[in-house]
Amino acid sequence: MTTIRRLGTAVAIVLAMVAAGTGCTVIPVTGPYMVGDDGTGGDPLNKPFQRMIAMPPQPNWGPEDTIKGLQAAMAAYADDPSILPQYLTPEARAKWSAAGPVKVIEDAFEITYPTPRDGTETVLQVTLKAQWVASIGTDDAYAPTAGTWDGGTFELVKTQQGGYLVNKLPAGLLLTNSDVVRAYRPANLYYLNADMPDRLVVDRVRLRMKPTESFARTILERLLKEPTTALRDAVTTSFPEDTTIESIRWNEERVLVNLSGPLDPLDLSAEAALRAQIRHSFADNDVAKGRIIEIQVDGETYAVDRPDPADPWLDDGGDTAYFVDNGAVHFMGKEGPAGAVPGAAGEQRAGYTDFALSKEETGLIAAKTSTGISMAKLAQDGRWQEVIQGTELTPPTFHRDGSLWTYDNKNGVLLRYDPASGREPERVPAPKLAGLDVARLRIARDGVRVSVTTGENTVQIGAFTPTSDGLVLGNFRSLATTEVGDEIVDVTWSDDEHLLVLVESKAGQILNEINVGDGETVGVPLKDRLASLAALDDRVLGEVRTDKETKIVELNQDRQTWVPKVESNAGSPLFPLG
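Residues numbered from 1 in each chain as written. Predicted model: local features only at pLDDT ≥ 70, side-chain atom pairs only at ≥ 80, totals over all residues. Heavy atoms only, no water.

Engineer: Please give an account of the pattern of salt bridges that cites residues and values.
Structural biologist: In total, this model carries 31 salt bridges according to the counting rule given. For arginine 222, the salt bridge goes to aspartate 140, with nearest N and O atoms at 2.7 Å. Highlighted residues: arginine 222 in helix α4 (residues 215–223) and aspartate 140 in the loop between β7 (123–136) and β8 (142–144), separated in sequence by 82 residues. On the basis of relative accessibility, which here comes to 21%, the residue aspartate 140 falls in the partly exposed class. For arginine 279, the salt bridge is made with aspartate 305, and the minimal N-O distance between the two is 2.5 Å. (Salt bridge = Lys/Arg side-chain N within 4 Å of Asp/Glu carboxyl O. Helix = DSSP H or I, 4+ residues; strand = E, 2+ residues; numbered from the N terminus. Buried < 20%, exposed > 50% of the residue type's maximum accessible area, 1.4 Å probe, protein only.)

Engineer: Kindly report on the nonpolar core, identifying the contributing residues and their values.
Structural biologist: One finds Leu70, Met74, Leu88, Leu128, Phe154, Leu156 and Leu169 to be the most contacted residues of the largest nonpolar core, which totals 39 residues. Counting residues per element, this core draws most heavily on β7, at seven residues. Among the nonpolar cores identified, the runner-up in size contains 36 residues, and Leu207, Ala216, Leu231 and Val297 belong to it. (Core = buried A, V, L, I, M, F, W, Y, C linked by side-chain atoms within 4.5 Å.)

Engineer: Would you mind going over helix α1 (residues 63–76) in detail, with residue names and values included?
Structural biologist: Look at α1: 20 Å from first C-alpha to last across 14 residues, which is about the 20 Å you get at 1.5 Å a residue. Within the sequence span of α1, burial applies to Pro63, Thr66, Ile67, Gly69, Leu70, Gln71, Ala72, Ala73, Met74, Ala75 and Ala76. (Expected span 1.5 Å × (residues − 1).)

Engineer: Requested: an account of the layout of surface pockets, with residues and values cited.
Structural biologist: Reported here for the largest pocket is a volume of approximately 770 Å³. Together, 40 residues line the largest pocket, and Asp354, Phe355, Ser532, Glu543 and Ser572 are the ones closest to its centre. Going through the elements one at a time, β20 (321–325), β23 (353–357), β27 (397–398), β31 (438–443), β35 (487–493), β39 (530–536), β40 (539–545) and β43 (571–574) are the ones with two or more residues in the lining of the largest pocket. (1 Å grid on protein atoms, 1.4 Å probe; cavity = no way out; pocket = protein on both sides within 12 Å on 5 of 7 lines; lining within 4 Å. Points joined across faces, edges and corners; volume = space filled by probe spheres on them.)

Engineer: Any chance you could break down the side chain of serine 358 for me, citing the residues and the numbers?
Structural biologist: Relative to the assigned elements, serine 358 resides in the loop between β23 and β24 (364–368). Side-chain polar atoms of serine 358 contact the backbone nitrogen of leucine 364, separated by 2.9 Å. The contacts of serine 358, once residues within four sequence positions are left out, are Gly363, Leu364, Phe398, Pro576 and Leu577. (Polar contact = N/O pair within 3.5 Å; in protein donor to acceptor, adjacent residues only side chain to side chain. Contact = heavy atoms within 4.5 Å.)

Engineer: Outline the pairing of β35, supporting the account with residue identities and numerical values.
Structural biologist: Here β35 lies mainly inside the structure; five of its seven residues are buried. In this structure, β35 lies alongside strand β36 (residues 498–505), joined through six bridges in antiparallel fashion. Of the residues in β36, the one forming a bridge with tryptophan 493 is leucine 499. Counting the residues that bridge the hairpin from β35 to β36 gives four residues. (Pairing = 2+ DSSP bridges.)

Engineer: Account for the sheet that holds β43, with residues named and values stated.
Structural biologist: Pairing is antiparallel across the open sheet formed by four strands, whose spatial order is β22-β21-β20-β43. Each of the sheet's edge strands pairs with one partner strand only, and the pair in question is β22 (337–340) and β43. Going across the sheet, the axis of each strand differs from the next one's by a mean of 30°, ignoring polarity. In terms of strand pairing, β20 meets β43 through two bridges, oriented antiparallel. (Axes fitted to C-alpha atoms, helices over the stretch in contact; angles between N-to-C directions.)

Engineer: Give a description of the sheet that holds β36 that names residues and reports values.
Structural biologist: In spatial order, the strands read β35-β36-β37-β38; together these four strands make up an open sheet with antiparallel pairing. If you trace the sheet from one side to the other, it starts and ends with β35 and β38 (521–524), each paired once. Direction aside, the axes of adjacent strands within the sheet are offset by 25° on average. Pairing of strand β37 (residues 508–515) with β38, which is carried by four bridges, proceeds in the antiparallel orientation. Residue pairing for β38: glutamate 513 is matched across the bridge by valine 522.

Engineer: Explain the side chain of glutamine 277 residue by residue, including any values.
Structural biologist: As for its placement among the helices and strands, glutamine 277 is situated in helix α5 (residues 271–283). Classification of glutamine 277 as buried rests on a relative accessible area of 0%. If we skip the residues at most four places from it in the chain, glutamine 277 touches Tyr190, Tyr191, Leu192, Leu200, Leu223, Thr237, Ser238 and Phe239.

Engineer: Help me get a handle on the packing of aromatic side chains, residues and values and all.
Structural biologist: With the rule as written, the count across this model stands at six aromatic pairs. Centroid distance tyrosine 322 to phenylalanine 331: 5.3 Å. Interplanar angle 40°. Geometry classified as tilted. The interplanar angle of 45° and the centroid separation of 4.7 Å between the aromatic rings of tryptophan 405 and phenylalanine 464 together place this pair among those described as tilted. Note that tryptophan 405 is positioned in strand β28 (residues 404–408) and phenylalanine 464 in strand β33 (residues 458–467), a separation of 59 residues in sequence. We classify tryptophan 405 as buried; its relative accessible area is 1%. (Phe/Tyr/Trp six-rings, centres within 6.5 Å; stacked < 30°, edge-to-face > 60°.)

As structure tokens, this is what we get:
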């Protein structure tokens with residue numbers, strides 16, 4: 001007999017430690033699970049986390065203990081909002097609100113007094129000095145922030161019973177980095193490309209864990225809401241407005257998601273997309289991984305989703321690697337060179353640089369020349385043809401719809417050429433790029449995000465939003481800025497959410513992999529000086545130039561060492577839609 005387990009609201013207290021002097025108790029929990037289960041209960045829908053239980057202010061506390069206790073109450077506010085108001089005077093309770101972005105600071109912060117004190121004051125000004133770590137927006141987006149946080153001025157009032165209450169304080173919640181690590185989890189949510197809804201787009205958020213519900217429900221509740229600001233209007237969803245979650249249950253074989261709302265069980269037009277959004281939003285967060293997902297509407301089966309290795313919703317456009325030898329494009333096999341591509345693109349020629357590939361099924365390649373951008377079919381009858389003219393164009397980049405893009409710095413316009421139409425390149429609105437020195441554009445394989453390098457040391461991330469007049473490039477936000485004097489050598493997408501940025505610094509080259517959703521950065525060791533990069537998922541190829549030769553190296557699976565891939569006469573590594 002198969003047993004269906006409903007997620008209850010019991011919280012297992014594994015260990016409680018009173019943090020002396022911080023006004024809090026930290027309780028590691030795993031979220032709700034059945035009594036009698038172990039730490040995870042075999043539960044595929046949960047992740048362990050630690051819950052903060054705050055303490056009210058104490059009459060024997062001085063100003064510093066009061067501020068620390070207040071901050072701990074802020075950390076616990078989402079779980080128990082009753083403690084924090086006990087730290088505030090009636091006036092402060094009437095004015096203060098937890099609304100707005102969450103400010104995240106380093107664990108070690110300093111409490112100082114702007115003016116000298118003698119201990120007899122009934123009203124006291126206190127300043128909290130700390131280093132910024134990040135902010136978590138009202139849209140759950142995590143944005144790393146550097147520098148000193150200087151908004152921490154508090155006014156304390158001494159009470160007749162002893163101790164202090166806070167009369168004035170900054171708006172919103174102030175959390176330490178440890179608070180966020182303990183109680184939040186990074187999560188990837190999947191929406192649909194608004195212009196090409198057969199492709200998923202990942203949206204990275206930080207979700208507050210809730211002791212009263214499973215992580216699976218937390219994910220799905222957030223997926224029913226709008227995406228983060230970075231993807232607003234650039235993506236859409238298959239869930240009708242006002243869809244709600246009735247329950248999420250599981251057994252040894254499957255997860256049962258019961259929805260309610262305007263979903264029509266007889267209308268299956270959105271069924272495949274809805275299955276894909278749920279499947280990937282669960283699986284990419286290690287929830288319900290490998291299990292069958294049954295989606296119900298008011299208790300009746302709507303769709304059944306089974307794990308599929310050939311899932312088309314994250315199609316990358318092909319996985320063959322290529323390289324260039326004196327202007328001739330070659331295939332790269334598992335062991336090295338595998339021959340030239342057919343047609344003119346496989347023939348050596350001078351003056352062609354900055355190659356780009358379309359989806360493999362489209363079979364197009366583009367390159368930059370001194371007079372513009374030329375394109376050719378990867379076919380025996382393929383011939384190079386100049387399709388965009390200009391002397392100050394950025395290297396070409398392909399969109400997954402088959403169109404070719406570049407930025408014309410001379411005229412300050414973003415250009416799109418559609419090979420299917422054969423018409424002249426069209427101008428695409430990108431107002432935030434006006435007046436900037438655009439060095440390169442790279443369209444991600446999801447067809448939505450775009451990395452834009454401006455000048456020598458800044459990378460921004462934008463997004464295509466569809467309008468009645470076509471696409472618009474906007475939603476820009478800064479991703480990385482190097483130090484003055486350093487230069488960005490190359491930028492390439494490794495997957496939908498990670499960008500590889502190669503920098504030439506005074507101390508040598510630096511290669512970082514940056515999550516475009518939350519700015520998380522991982523350094524990649526380098527052995528040789530690289531001239532360019534190409535990447536696809538776990539594969540990273542680099543071009544090494546010396547006085548004698550050019551060669552291709554590949555980053556090993558250990559992400560620590562590089563191995564030769566093509567020993568000589570090979571440069572400009574390429575992947576489709578790279």
